[in-house]
Amino acid sequence: MTADNVRIALVIGSVRSPRLADSLAAWLERELAPFDWLDLDLIDLASIPLPMHTLQPGGTADSPIAGRLADADGFVFLTPEYNHSFPAPVKNVIDWHFTEWAYKPVAFVGYGASGGIRAVEQLRTVFPELRATTIRESVLLPMAWEHLDAVGRFVPPPGTVEALHTMMTELRTWADALRSIRVAEPTGRT
């Protein structure tokens, strides 16, 4: 990582097994690998122990990923839509942390029958409470399971790669812009 690079945490929101998220995350990693300005940190909620019964108000100090989230300049949430909303593990990871989200941009890649739009729109109302900025651009993948090849690799429909690149350009712009705010108010508590 160079000083000019942007560290983005890609948070995989599904904890189900089996899950479509594995194919989609692999596709995202392939597509984002050529971005020379990007350092990607993959955070898979299926492998992170964040039990709900130890959650504390304002974040929980002993989170195994707090440092990784704090080091990130921004976030991409890969989220499915379950029952017209985002899954409980996504809300849990958000609530386990507080200052780690402050003054950072958040982007979304949603998937489901309707492309995850309802999950994404609900997440857009959650993050501002944590002083995070959700960006306008997102990637929505309706019926992504219909775009898997014979070995389960996601083959994006036309326009999807372009939408991802547009989203990442906006995410980088916001990450660069919000860096100065994080330096001035690093705790996120004003």
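Basis of the calculations
- Residues numbered from 1 in each chain as written.
- Predicted model: local features only at pLDDT ≥ 70, side-chain atom pairs only at ≥ 80, totals over all residues.
- Heavy atoms only, no water.
- Helix = DSSP H or I, 4+ residues; strand = E, 2+ residues; numbered from the N terminus.
- Rg over C-alpha atoms; globule rule 2.2 N^0.38 Å.
- Buried < 20%, exposed > 50% of the residue type's maximum accessible area, 1.4 Å probe, protein only.
- Contact = heavy atoms within 4.5 Å.
- Areas by Shrake-Rupley, 256 points an atom, 1.4 Å probe, with all protein chains shown as cover.
- Axes fitted to C-alpha atoms, helices over the stretch in contact; angles between N-to-C directions.
- Parallel < 35°, antiparallel > 145°, perpendicular 65-115°, else oblique.
- Left-handed = near helix turned anticlockwise from the far one by under 90°.
- Nonpolar A, V, L, I, M, F, W, Y, C, P; charged D, E, K, R; others polar.
- Expected span 1.5 Å × (residues − 1).
- Bend = angle between axes of the 7 residues up to and from the residue.

Q: What is the right way to look at the overall build of the protein in this model?
A: Check the secondary structure of the protein and you find five helices and six strands. Secondary structure elements of the protein occur, N-terminal to C-terminal, as β-α-β-α-β-α-β-α-β-β-α. Scaling as 2.2 N^0.38, a compact globule of 190 residues should have a C-alpha radius of gyration of about 16 Å, and the protein matches this with 16 Å. Overall, the protein is about 50 × 40 × 25 Å in size when its C-alpha atoms are taken along their principal axes. With 190 residues in all, the protein has 49% of them scored as buried. Long-range pairs, those at least 24 residues apart, make up 83% of the contacts in the protein between residues at least 6 apart in sequence. Taken as a whole, the protein presents about 8,900 Å² of accessible surface, with 55% of it coming from carbon and sulfur.

Q: Please explain the packing of helix α1 (residues 21-32) against helix α5 (residues 160-184) as it appears in this structure.
A: Helix-helix packing is described using two parameters, namely the angle between the two axes and the distance between the axes. For the pair α1 and α5, interaxial distance at closest approach is 11 Å and the crossing angle is 65°. Taken together, α1 and α5 sit at an angle that is classed as roughly perpendicular. Between α1 and α5 lies a crossing of right-handed hand. Along its contact with α1, which presents Trp27, Leu28, Glu31 and Leu32, the element α5 presents Thr160, Val161, Leu164, His165 and Met168. Within the contact of α1 with α5, the residues separate by chemical class into six nonpolar, two polar and one charged.

Q: What exactly am I supposed to notice about α5 here?
A: One turn of an α-helix holds 3.6 residues; hence residues three or four places apart share an orientation. Its 25 residues place the ends of α5 37 Å apart at the C-alpha level, agreeing with the 36 Å of an ideal helix rising 1.5 Å per residue. Of all bends in α5, the biggest is about 30°, found at Leu178. All of the buried residues along α5 are Thr160, Leu164, Met167, Met168, Glu170, Leu171, Ala175, Leu178 and Arg182.

The values reported here are purely geometric and, on their own, carry no functional implication.
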